[in-house]
Amino acid sequence: MYKLYSMQRSGNSYKVRLALSLLKAPYCAIEVDILRGESRTPDFLAMNPSGQVPLLEVAEGRYLAESNAILWYVAGGTSLAPESRVERAEALQWMFFEQHALEPNLGAAYFWLSLVKGGRDLQTHALEDWMERGYAALQVMENHLKTRAYFAADQLTVADIALYGYTHVADRCDFDLATFPAIRAWLRRIEQNPGFVTMDWRPDAEVDDPASVAAGA
Ligand SMILES: N[C@@H](CCC(=O)N[C@@H](CS)C(=O)NCC(=O)O)C(=O)O
């Protein structure tokens, strides 16, 4: 069974939980509260020097970081991971886009406006940039989805899961999707897939105390 270090309210962590659920892959989730510095302890940094979640233990003592790399790993050999050379590259294209155009803007806005108390006042200077660049990214997605149901390979893939992570919380961080009908239809399409779970959903096997896992308890 996979061991996933994750934070419930983290969009990057949710992408992995969503993929595992769509794949019906059992896993044990270990909650890491980044707001309390739990991803920056010496023990955690020994597993992931970037000090971030999500983090997947793929074999004893072997860890994989970066949500999109984890998505490719867990989806390998399934329909979520396109196999043809061009479709794989197209999925990757959108996953790089997600990391450089969407996540740094919607992800940052979501973190500071929705998770951090008083975050809006602390980030007033940055918010304008996040909104401008975030809306630009959403427009690129809207244009693509006007004529397509999914981002790559004409089917649900890891690219959609990566982009869903922060797009679906747009309304929790000041973004208004009213003028993005194709994105709204795509969000609903993803939500209709068997195995879809929301960000709040928790797996059965959950561990609150990472020490108990390390000790094999
Ligand atoms: N590019 C990384 C970003 C991961 C990331 O930003 N994780 C955040 C939570 S969403 C985190 O752990 N932040 C804690 C920190 O940086 O101290 C990914 O896609 O996994």
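Each value, and the rule that gives it
Residues numbered from 1 in each chain as written. Predicted model: local features only at pLDDT ≥ 70, side-chain atom pairs only at ≥ 80, totals over all residues. Heavy atoms only, no water. Phe/Tyr/Trp six-rings, centres within 6.5 Å; stacked < 30°, edge-to-face > 60°. Helix = DSSP H or I, 4+ residues; strand = E, 2+ residues; numbered from the N terminus. Buried < 20%, exposed > 50% of the residue type's maximum accessible area, 1.4 Å probe, protein only. Near = heavy atom within 4 Å. Polar contact = N/O pair within 3.5 Å; in protein donor to acceptor, adjacent residues only side chain to side chain. Areas by Shrake-Rupley, 256 points an atom, 1.4 Å probe, with all protein chains shown as cover. Nonpolar A, V, L, I, M, F, W, Y, C, P; charged D, E, K, R; others polar. Domains from an automatic or database assignment. Buried area = accessible area lost by both parts, 1.4 Å probe. Salt bridge = Lys/Arg side-chain N within 4 Å of Asp/Glu carboxyl O.

1. Here we look at the packing of aromatic side chains
Evaluation of the coordinates by the stated rule reveals 13 aromatic pairs. On the numbers, 6.3 Å between centres and 70° between planes, the contact of Tyr 2 with Tyr 73 is edge-to-face. With Tyr 2 in strand E1 (residues 2–6) and Tyr 73 in helix H3 (residues 67–75), this pair connects stretches of sequence that are 71 residues apart. Taking relative accessible area as the criterion, Tyr 73 reaches 39% and is therefore assigned partly exposed. Relative to Phe 44, the ring of Tyr 5 lies with its centre 6.0 Å away and its plane at 80°, an arrangement referred to as edge-to-face. In this pair, Tyr 5 is assigned in strand E1 and Phe 44 in helix H2 (residues 42–47), connecting sequence segments 39 residues apart. The same class applies to Tyr 5 as to Phe 44, namely buried. These aromatic residues form a ring-pair network of at least three members: Tyr 14, Trp 94, Phe 97, Phe 151, Tyr 164, Trp 186 and Phe 196.

2. Section: the site of the ligand
Arg 40, Val 53, Glu 66, Ser 67 and Gln 99 are the nearest of the 13 residues found near the ligand. Here an oxygen atom of the ligand and a side-chain polar atom of Asn 12 are 3.5 Å apart. In this structure, Val 53 approaches the ligand through a main-chain N or O atom, which is 2.8 Å from a nitrogen atom. Taken by itself the ligand offers 510 Å² of open surface, and the protein chains cover 81% of this. Looking at the shell around the ligand residue by residue, the classes come out as four nonpolar, seven polar and two charged.

3. Let's talk about the domain arrangement of the protein
Once the domains are mapped, the protein shows domain 1 (2–78 + 197–214) and domain 2 (85–191). Each of domain 1 and domain 2 has a C-alpha centre, and these two points are 21 Å apart. Taking both sides of the interface into account, the surface hidden between domain 1 and domain 2 amounts to around 1600 Å²; carbon and sulfur atoms contribute 70%. Considering only the surface of domain 1 that becomes buried against domain 2, Lys 15, Asn 68 and Trp 72 emerge as the three largest contributors, covering 32% of it. Applying the counting rule to domain 1 against domain 2 returns one salt bridge. Notably, a salt bridge pairs Lys 15 with Glu 98, separated by 2.8 Å at the nearest N-O pair. With seven residues, helix H1 (residues 11–22) is the single largest residue contributor to the side of domain 1 that touches domain 2. Taken together, the residues of the side of domain 1 that touches domain 2 break down into eleven nonpolar, five polar and three charged.

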